[in-house]
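Here is how the chains run, residue by residue.
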Amino acid sequence: MQGHKTGMSGSTIMSDPEQFDHLFQFGCTHVEIGEFPDMESVHTFLNLAEENQVTFGVHSPLIRSGSKYDMIESVKMPIEKARQQFEEEVAYLAEVGASYVLVHFPYFKGPSADPFGRIEEGLTFLSHLQEKYKLPIVCEPKLGFDRSPCNIEYLHQCAGSLWGRYGLPICIDLGDYFMAAKGDWMPYIKPLLPFTKVVHLHNVTFTEKGYFWSVLHPTEGGAYDMKWCIVMLGEGEGKYFIFEHTPHTSPSSQSVQEGLEWVRQLLS
C-alpha cells in the first residue's frame, strides 16, 4: 500500500446488509467490516466491494455469533475453540482477497497475573497464522470490563521489547486510547508508530446510559480533541484511517463527509 487510505467501518451501519450501500457513498477507497449476520451477507458484501473497486479488511469475528475476545483469555468461549474459528477465518479471507484481518489483542477482562507471558504465547500463535496464510493480522488492544485500561497499559509496557520480534501490525482505536490515557495520549501512541497499520477514527459521547462512538468532526461535539494525534499518526508509512462511529448519535451524512474531508486535509 502506498500512501494513506481513508475507509468506512461496518460499525457505522452495524453490519446491516440492507445498508451496505452506505459504506460506498463517501468516496472512500477501503471498507473494514465484520460481524456479518450470515455467509450470504458476506458474499453480498464481497460482490459490492468488487463493483465499487474498494479494498477491504475484516474485523473478526466474520460472523456475529463468533468470538471477539478469546485469543488469550476465555470471555465467551474456550481459547482453543476461538483460535480454531479464527484460523478458519484467516484462511477464508486470504482466499477472497482481504487486505488484512483485525483481531482484539491483547485482551484481558481485567488485570492478569501473567500478562506478558500470555501475550507472547498469543503473539507466537498469531504470527504463525500470518506467515502460513500470507495475510496481515492486525492487533487492536481494547478497553477491558468497566473501561479497564489494562490491555492498553500492557501493550505500552511490552511493545518496545516484545512486539518487534513477531512482525504483527497494530490498530490504534483513538476513542479507547483517549479514554485509557485520560488525555495524555502521546506517551502511549508515539512508541507504536513503527507498528501501526490501521487507525480507528471516532470521538466519544458520554451520556447517562454510558458512552457512544460519535462521528469524528472538526467542530461537532465529542469529548476529546484528536487533531494533533491524527497529524502524528499520519507520519511514516501508509495506514488505513477508518471512520468507526456507530449510528447511536445519528450523525448526518454531511457531518460524516465533513469529518472525512477534515481528516484527509490533516493527512495531506
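Details of the structure are given in the entry above.
Throughout what follows, the structure given in this document is the object of discussion. Please read all numbers here as calculations on a predicted model, not as lab measurements.

## Structural notes on the environment of L174
Tracing the backbone through its elements, the reader meets L174 in helix α5 (residues 174-181). Through-space distance from the C-alpha of L174 to that of H202 is 6.7 Å; in sequence the pair is 28 residues apart. Non-local contacts of L174, meaning those with residues more than four positions away in its chain, are made with I189, V199, H200, L201, H202, M226, C229, I230 and L233.

## Thoughts on helix α8 (residues 253-267)
Spanning 15 residues, α8 covers 21 Å between terminal C-alpha atoms, matching the ideal 21 Å at 1.5 Å per step. If you check which residues of α8 are buried, you get S255, V256, G259, L260, W262, V263, L266 and L267. The buried residues of α8 occupy one face: seen down the axis, they fall within an arc of 165 degrees. In α8, the exposed positions angled more than 90 degrees off the buried face are occupied by Q254 and Q265. Buried residues along α8 sit in contact with β1 (5-9), β7 (196-201), α7 (227-233) and β10 (240-243).

## Observations concerning the layout of surface pockets
In this approach the atoms are scanned with a rolling probe the size of a water molecule, which exposes any empty space left behind. Empty space within the largest pocket amounts to approximately 660 Å³. Contributions of two or more residues to the lining of the largest pocket are made by β2 (30-33) and β9 (210-214). Among the elements that line the lining of the largest pocket, the one with the most residues is β9, at 3 residues. In terms of residue class, the lining of the largest pocket is made up of 7 nonpolar, 10 polar and 9 charged. Each pocket or cavity is described by its volume, and for the second largest pocket that value is around 280 Å³. The wall of the second largest pocket is formed by 12 residues, among which P194, T196, K197, E237 and G238 lie closest to the centre. Among the residues making up the lining of the second largest pocket, the classes are represented as 5 nonpolar, 3 polar and 4 charged.

## Quick look at the environment of F212
Looking at where F212 falls in the secondary structure, it is placed in strand β9. Counting along the chain gives 34 residues from F212 to T246, while the straight-line C-alpha distance between them is 7.3 Å. F212 has contacts with N203, V204, T205, T207, H248 and T249, leaving out every residue within four places of it along the chain.

## Some details on helix α3 (residues 115-133)
For α3, which comprises 19 residues, the first-to-last C-alpha distance of 27 Å matches the rise-based estimate of 27 Å (1.5 Å per residue) to within 8%. Of all the residues in α3, the buried ones are P115, I119, G122, L123, F125, L126, S127, L129 and Q130. Where the residues of α3 are buried, they touch α2 (79-96), β4 (101-104), β5 (137-140) and α4 (150-162).

## Some remarks on the packing of α2 against α3
The geometry of α2 relative to α3 is characterised by a closest axis approach of 10 Å and an angle of 25 degrees between their N-to-C directions. Accordingly, the angle class assigned to the pair α2 and α3 is roughly parallel. You can see that α2 and α3 cross each other, and the crossing is right-handed. Across the interface between the two elements, R83, F86, E87, V90, A91 and A94 from α2 touch E121, G122, F125, L126, L129, K132 and Y133 from α3. A breakdown of the residues in the contact of α2 with α3 according to their chemical character gives 8 nonpolar, 1 polar and 4 charged.

Conventions we followed
- Each chain has its residues counted from 1, following the order in which its sequence is written.
- The predicted nature of this model means local features are confined to residues of pLDDT at least 70 and side-chain atom pairs, given and counted, to a pLDDT of 80 or more, with totals for whole chains, interfaces and linings taken over all residues.
- Note that the side-chain values use all heavy atoms of the structure and ignore hydrogens as well as water.
- Numbering of helices and strands runs from the N terminus; a helix is a DSSP stretch of H or I covering at least four residues, while a strand is a stretch of E covering at least two.
- Residue contacts are defined here by distance: any two heavy atoms, one from each residue, within 4.5 Å place the two residues in contact.
- Here, expected helix span is obtained from the residue count minus one, scaled by 1.5 Å.
- Here's how the labels work: a residue is buried when its accessible area is under 20% of the maximum for its type, exposed when over 50%, partly exposed in between, all with a 1.4 Å probe on protein chains only.
- Directions are taken from the helix axis to each C-beta atom, and the arc is the one they span.
- Grid points spaced at 1 Å over the protein atoms alone were grouped into cavities, where a 1.4 Å probe fits but cannot get out, and pockets, open sets with protein on both sides within 12 Å along at least five of seven lines, with lining residues defined by an atom within 4 Å of a point.
- Grid points are joined across faces, edges and corners, and a volume is the space filled by probe spheres set on the points.
- The nonpolar class holds Ala, Val, Leu, Ile, Met, Phe, Trp, Tyr, Cys and Pro. Asp, Glu, Lys and Arg form the charged class, and all remaining residues, Gly among them, are polar.
- Note on geometry: axes are lines fitted to C-alpha atoms, helical ones only across the stretch in contact, with angles between N-to-C directions running from 0 to 180 degrees.
- Small angles under 35 degrees read as roughly parallel and large ones over 145 as roughly antiparallel, with 65 to 115 read as roughly perpendicular and the rest as oblique.
- Rotating anticlockwise by less than a right angle from the far helix to the near helix defines a left-handed crossing, while the corresponding clockwise rotation defines a right-handed one.

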